[in-house]
Amino acid sequence: MTVVLALWSARLLTEWGTDFGIYYAGAYFINDEYRLYKELFDHKGPLYYLFLKVVGSFIGWGSFQAYLSLFLTMLAFYIPAFLILLRQKLSPPLLLSGITLCLLLLFGQPTNSSIAFFQGAFLLGSFYFLTSTENNFAFAISIIFFVLAVFVRIDALVFFPIYLINAFFKDGDFSYKNIFLRLLFILTAFPVIFFLTSKYLGFGLYEFYEHNVVFNGWYQSKSILSMFYRPKHYSIISSSLIIIPVFLLRHRIYFLTQHGFRSVRFFLSPKDYGHQSTLSVTYCGIFFISTMLWIFTGSDKDYHILILTIPIVFIIISNVKYLNASRPKLLIYCLLALYPLAITIAHPSRVIIQEPECISDPYCSSSKIVRYAESIDFLRNRPEPEVSIIGGRGWAYFYSGKRPTRSLNDWWLYWRPDPFLTESLKQQHEALLRKRIGTPFLIDNDLLVDVDTKSPLLREILADSVLIQGQDRYSIYRVVTSIEN
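Residues numbered from 1 in each chain as written. Predicted model: local features only at pLDDT ≥ 70, side-chain atom pairs only at ≥ 80, totals over all residues. Heavy atoms only, no water.

1. A look at the overall build of the protein chain
Phase 1 of the analysis: Check the secondary structure of the protein chain and you find 21 helices and eight strands.
Phase 2 of the analysis: For 485 residues, the compact-globule formula gives about 23 Å, and the C-alpha radius of gyration of the protein chain, at 25 Å, lands near that figure.
Phase 3 of the analysis: Each of the three principal axes of the protein chain carries a C-alpha extent, and together these read 85 × 55 × 45 Å.
Phase 4 of the analysis: Counting the 485 residues in the protein chain, one finds 56% classified as buried.
Phase 5 of the analysis: Here the contacts in the protein chain between residues at least 6 apart in sequence split such that 71% fall between residues at least 24 apart. (Helix = DSSP H or I, 4+ residues; strand = E, 2+ residues; numbered from the N terminus. Rg over C-alpha atoms; globule rule 2.2 N^0.38 Å. Buried < 20%, exposed > 50% of the residue type's maximum accessible area, 1.4 Å probe, protein only. Contact = heavy atoms within 4.5 Å.)

And the structure:
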């Protein structure tokens, strides 16, 4: 498992995903003057930035350290998954099948999926303690992990009804004392964890709400067709073979009807009513909610399939002993899975073998950073310590060694005709317009295509500047008119 993760993480050495670049460079630049949800815009939670910041403070910052940070991110997910399998004392074929299933989550995933796996680590821990133990301490641990998952990406909040149901009905225990304690855990976990993270990273409650709730409401634009027409997702699910174990579970859930207990095939075979009944409802809830969330995202991005597959994989690996398959069938499944796993690690393996210089040199021939090289050299040779990039991506700032004067991620000001404005983004835009005449800045070339369909704020910048030089990834502009003049 560790070898596969190390090879998959090596994708970063040539891919240099833009989302991971924002997380990594953002964590690098965050300080008392460059704060999340103020100078740095993002619509993700603060916890992944905090994780990368802590890792970077120990191992340092650079291209190889970025690779190690991604590898540690993946370990954060796969260690809990492995422990869930290990705790069940499975036979070798079942254990191997469970490990194989977990690794198939990597199929078709870019390095930008890092935040989904990091959130998945907390969801695995939370679901595990919620479903496998029967005391209030375990419930409290599951709540803590759940809240941490929410502070990685707020979409995890949709699982809240499952925890509320367990607070009242867990283990068939209707004790007012236990219900009170569980509700107390829920009510205190959110503010305590929010206080600790916001205190360290320097943001307030409204800023968190504006970026994680208001923005995501503005950003989501989907049609009914997009909810179901997801060719990339269907391709990943079918090609990875990750769906096969779903059909190998022998499972029952018992519902109390007017005619007594009636069994319906679902996720497991409980022996009694009470805890097993709540457990079955919990598994059903995890499956149903993750499916609905996946549908309503309306996105066919490769890493958004993890919204659905990570919870399903948790359900399966927690019930591997119920796989209705003989040892030969399990071994055949593992052998078939070698093909998608081989595809997953083929490219990074080839790069390491044929271009080992990529491990230490981000500008090796296969690296996408090569497209940034000309612009990075221009920025690096500038005398000022801070630079401005419209449509900036984290890697350009990071490798130039220049501090950003604006958010790493400012696309939402300029990409769409209806820009999303926060007070800080508005100030950053106006600050550029007030730059002294002759000040150079960069604009991402993607923003310069069909300018008339972009934000009026972009046209405002272009009206006050002139093109100096076109480059592969960016174009260099110079301020020719200042608001102050």
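Continuing now.
2. Side note on the packing of aromatic side chains
Phase 1 of the analysis: Overall, the coordinates contain 51 aromatic pairs when judged by the stated rule.
Phase 2 of the analysis: Between the aromatic rings of Tyr-28 and Phe-29, the centroid separation amounts to 4.9 Å while the plane-to-plane angle is 70°, which identifies the pairing as edge-to-face.
Phase 3 of the analysis: The class for Tyr-28 is partly exposed, based on a relative accessible area of 35%.
Phase 4 of the analysis: By relative accessible area, which is 7% here, Phe-29 ends up buried.
Phase 5 of the analysis: Pairwise contacts between aromatic rings join Trp-16, Phe-20, Tyr-24, Tyr-28, Phe-29, Trp-61, Tyr-363, Trp-395, Phe-398 and Tyr-399 into one cluster.
Phase 6 of the analysis: Against the face of Trp-218 rests Arg-416, its NZ or CZ located 3.9 Å from the ring centre. (Phe/Tyr/Trp six-rings, centres within 6.5 Å; stacked < 30°, edge-to-face > 60°. Lys NZ or Arg CZ within 6 Å of the ring centre and 35° of its normal.)

3. Some words on the nonpolar core
Phase 1 of the analysis: Formed by 121 residues in total, the largest nonpolar core has its most connected members in Tyr-78 and Trp-395.
Phase 2 of the analysis: Of the residues forming this core, the biggest block, eleven residues, is contributed by helix H7 (residues 114–132).
Phase 3 of the analysis: The residues touching Trp-395, leaving out its near neighbours within four places in the chain, are Leu-12, Trp-16, Gly-17, Phe-20, Gly-21, Tyr-24, Ala-66, Ile-369 and Ile-376.
Phase 4 of the analysis: In terms of nonpolar packing, the next biggest core, distinct from the first, is built from 21 residues, Phe-41, Phe-420, Val-451 and Tyr-477 among them. (Core = buried A, V, L, I, M, F, W, Y, C linked by side-chain atoms within 4.5 Å.)

4. A closer look at the side chain of Asp-155
Phase 1 of the analysis: Here Asp-155 is to be found in the loop between helix H8 (136–150) and helix H9 (160–169).
Phase 2 of the analysis: A polar atom in the side chain of Asp-155 sits 2.8 Å from the side chain of Gln-119.
Phase 3 of the analysis: With near-sequence residues (within four places) excluded, Asp-155 lies in contact with Gln-119, Leu-293 and Ile-307. (Polar contact = N/O pair within 3.5 Å; in protein donor to acceptor, adjacent residues only side chain to side chain.)

5. Considerations on empty space enclosed by the protein
Phase 1 of the analysis: Counted by the stated rule, this structure contains four cavities of 30 Å³ or more.
Phase 2 of the analysis: Along its surface, the largest cavity is lined by Ala-116, Gln-119, Leu-123, Arg-153, Asp-155, Ala-156, Phe-159, Leu-293, Leu-306, Ile-307, Ile-310 and Pro-311.
Phase 3 of the analysis: Residue composition of the lining of the largest cavity, by class: nine nonpolar, one polar and two charged. (1 Å grid on protein atoms, 1.4 Å probe; cavity = no way out; pocket = protein on both sides within 12 Å on 5 of 7 lines; lining within 4 Å. Points joined across faces, edges and corners; volume = space filled by probe spheres on them. Nonpolar A, V, L, I, M, F, W, Y, C, P; charged D, E, K, R; others polar.)

6. Brief notes about a nonpolar patch on the surface
Phase 1 of the analysis: A contiguous nonpolar patch, built from Leu-164, Ile-165, Phe-168, Phe-169 and Val-281 and spanning about 380 Å² of accessible area, is present on the exposed surface.
Phase 2 of the analysis: Top element by residues in the nonpolar patch is H9. It accounts for four residues.
Phase 3 of the analysis: Within the secondary structure layout, Val-281 lies in helix H14 (residues 275–297).
Phase 4 of the analysis: In this structure Val-281 comes out as partly exposed when scored by relative accessible area, which is 36%. (Patch = residues over 30% accessible without salt bridge, like charges linked within 9 Å, V, L, I, M, F, W, Y side chains within 5 Å. Areas by Shrake-Rupley, 256 points an atom, 1.4 Å probe, with all protein chains shown as cover. Salt bridge = Lys/Arg side-chain N within 4 Å of Asp/Glu carboxyl O.)

7. Brief notes about the sheet that holds strand S4 (residues 389–390)
Phase 1 of the analysis: Strand order in this open sheet of four strands is S4-S6-S8-S7, and the pairing throughout is mixed. Edge positions in the open sheet fall to S4 and strand S7 (465–470), since each of these has one partner strand only.
Phase 2 of the analysis: Pairing of S4 with strand S6 (residues 440–444) involves two bridges; the strand directions are parallel. The residue bridging Ile-389 from the neighbouring strand is Leu-442, located in S6. (Pairing = 2+ DSSP bridges.)

8. Comments concerning the environment of Gly-98
Phase 1 of the analysis: Positionally, Gly-98 belongs in helix H6 (residues 92–103).
Phase 2 of the analysis: As for Gly-98 and Leu-184, which are separated by 86 residues in sequence, their C-alpha atoms are 35 Å apart.
Phase 3 of the analysis: In this structure, Gly-98 is in contact with Leu-85 and Ile-317, ignoring residues within four places of it in sequence.

9. Examining the pattern of salt bridges
Phase 1 of the analysis: Evaluated as defined, the whole model comprises 14 salt bridges.
Phase 2 of the analysis: We note a salt bridge from Asp-472 to Arg-371, for which the minimum N-O separation is 3.4 Å. With Asp-472 in the loop between S7 and strand S8 (474–479) and Arg-371 in the loop between helix H16 (327–354) and helix H17 (373–380), this residue pair connects regions lying 101 residues apart in the sequence.
Phase 3 of the analysis: Among the residues examined, Asp-472 registers a relative accessible area of 41% and is labelled partly exposed.
Phase 4 of the analysis: The class of Arg-371 is partly exposed, set by a relative accessible area of 38%.

10. Some thoughts on the layout of surface pockets
Phase 1 of the analysis: As a volume, the largest pocket reaches approximately 1,500 Å³.
Phase 2 of the analysis: In this structure, the largest pocket is lined by 46 residues; those nearest its centre are His-43, Tyr-219, Lys-301, Tyr-303 and His-304.
Phase 3 of the analysis: Ranked by residues supplied to the lining of the largest pocket, first place goes to helix H11 (residues 205–219) with five residues.

11. Quick word on H7
Phase 1 of the analysis: The end-to-end C-alpha separation of H7 is 27 Å, in line with the 27 Å expected for 19 residues at 1.5 Å each.
Phase 2 of the analysis: Most of H7 is tucked away, with 17 of its 19 residues classed as buried. (Expected span 1.5 Å × (residues − 1).)

12. Remarks on the packing of helix H5 (residues 63–86) against helix H15 (residues 306–318)
Phase 1 of the analysis: Where H5 contacts H15, the two axes come as close as 9 Å, and the packing angle between them is 25°. The angle between H5 and H15 falls in the class roughly parallel. The chirality of how H5 crosses H15 is right-handed. When H5 is examined against H15, the residues Phe-77, Ala-81, Ile-84 and Leu-85 are found in contact with a partner set consisting of Ile-310, Phe-314, Ile-317 and Ser-318.
Phase 2 of the analysis: In the contact of H5 with H15, the residues fall into seven nonpolar, one polar and no charged. (Axes fitted to C-alpha atoms, helices over the stretch in contact; angles between N-to-C directions. Parallel < 35°, antiparallel > 145°, perpendicular 65-115°, else oblique. Left-handed = near helix turned anticlockwise from the far one by under 90°.)

13. Details of the confidence of the model for the protein chain
Phase 1 of the analysis: Predicted confidence across the protein chain gives a mean pLDDT of 87, with 91% of residues reaching 70 or more.
Phase 2 of the analysis: Note on residues 251–275: pLDDT is under 50 here. Beyond four places in sequence and across chains, it has 65 contacts. (pLDDT = per-residue confidence, 0-100.)

14. Describing the environment of Ala-167
Phase 1 of the analysis: Along the chain, Ala-167 falls in helix H9.
Phase 2 of the analysis: Exposure remark for Ala-167: the relative accessible area of 0% places this residue in the buried category.
Phase 3 of the analysis: It is 37 Å that separates the C-alpha atoms of Ala-167 and Gly-108, two residues lying 59 residues apart in sequence.
Phase 4 of the analysis: Once you skip the residues sitting within four places of it in the chain, Ala-167 turns out to touch Phe-139, Ile-179, Arg-182, Leu-183 and Ile-186.

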